[in-house]
Amino acid sequence: METENNRQTALVSVRGEKVRVLLVQAYPNYEFRFLKNLLERDQTIELQTVLQEADPEYVESDRTALRVFPSRREALFEYDVVILGDVNPAFFSAATLDNLTAFVEEKGGGLVL
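Engineer: Would you explain the side chain of Gln52 in this entry?
Structural biologist: Note on placement: Gln52 falls in the loop between strand E2 (45-51) and helix H2 (57-61). According to the relative accessible area criterion, Gln52 is buried, its value standing at 18%. Ignoring sequence-local partners within four residues, the contact set of Gln52 consists of Gln25, Ala26, Val87, Asn88 and Phe91.

Given below as structure tokens:
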């Protein structure tokens, strides 16, 4: 029996800091609430959220809430993962979409749709 081909070497880096996640949704549906609660409970994740159709008061009442999606590339690159739920595509400008492309291609960030 050949056992030499049963191994594979890979380099794994372990991070000491939290994984920064941005959860984006049009409105707080069941999936959004479930993911938000799940991710908030995880001590290894730092969560921020954007709701397109939220009331202005929502930002004051939820510590994870941002008023708007990060428009500057540098601000977006501070995250490790962006989760786009049920969002309105008109919400994103061409520059924002370019920044999301660069987030994945250049930074190696995770994008979940």
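Engineer: Which parts of the structure should I look at to understand the packing of aromatic side chains?
Structural biologist: Each aromatic ring pair is described using two quantities: the centre-to-centre distance and the angle formed by the ring planes. Counting across every chain of the model gives four aromatic pairs. Relative to Phe92, the ring of Phe91 lies with its centre 5.0 Å away and its plane at 70 degrees, an arrangement referred to as edge-to-face. Relative accessible area serves as the criterion here: at 11%, Phe92 is assigned to the buried category. The structure contains a cluster of three or more aromatic residues connected by ring pairs, namely Phe69, Phe91 and Phe92. The ring of Tyr79 is capped by Arg20, whose NZ or CZ atom sits 4.8 Å from the centre of that ring.

Engineer: Sorry, what's going on with the pairing of strand E3 (residues 81-84) here?
Structural biologist: The side chains of a regular strand alternate, residue by residue, between the two faces of the sheet. Bridge analysis of strand E1 (residues 19-25) against E3 gives four bridges, and the strand direction is parallel. What sits directly across from Val21, in E3, is Val81. Pairing between E3 and strand E4 (residues 110-112): three bridges, direction parallel. Of the residues in E4, the one forming a bridge with Val81 is Gly110.

Engineer: What should I look at first to understand the sheet that holds E1 in this one?
Structural biologist: Within a sheet, each strand pairs with its neighbour through backbone hydrogen bonds, oriented either parallel or antiparallel. Spatial ordering of the open sheet is given by E2-E1-E3-E4, a layout of four strands whose pairing is parallel. Strand pairing shows two members of the sheet lacking a second neighbour, E2 and E4, which therefore form its edges. Averaged over all pairs of adjacent strands, the angle between strand axes in this sheet comes to 15 degrees, irrespective of strand direction. Against the sheet, helix H1 (residues 30-41) engages E1, E2 and E3, with an angle of about 155 degrees to E2.

Calculation notes
Residues numbered from 1 in each chain as written. Predicted model: local features only at pLDDT ≥ 70, side-chain atom pairs only at ≥ 80, totals over all residues. Heavy atoms only, no water. Helix = DSSP H or I, 4+ residues; strand = E, 2+ residues; numbered from the N terminus. Buried < 20%, exposed > 50% of the residue type's maximum accessible area, 1.4 Å probe, protein only. Contact = heavy atoms within 4.5 Å. Phe/Tyr/Trp six-rings, centres within 6.5 Å; stacked < 30°, edge-to-face > 60°. Lys NZ or Arg CZ within 6 Å of the ring centre and 35° of its normal. Pairing = 2+ DSSP bridges. Axes fitted to C-alpha atoms, helices over the stretch in contact; angles between N-to-C directions.

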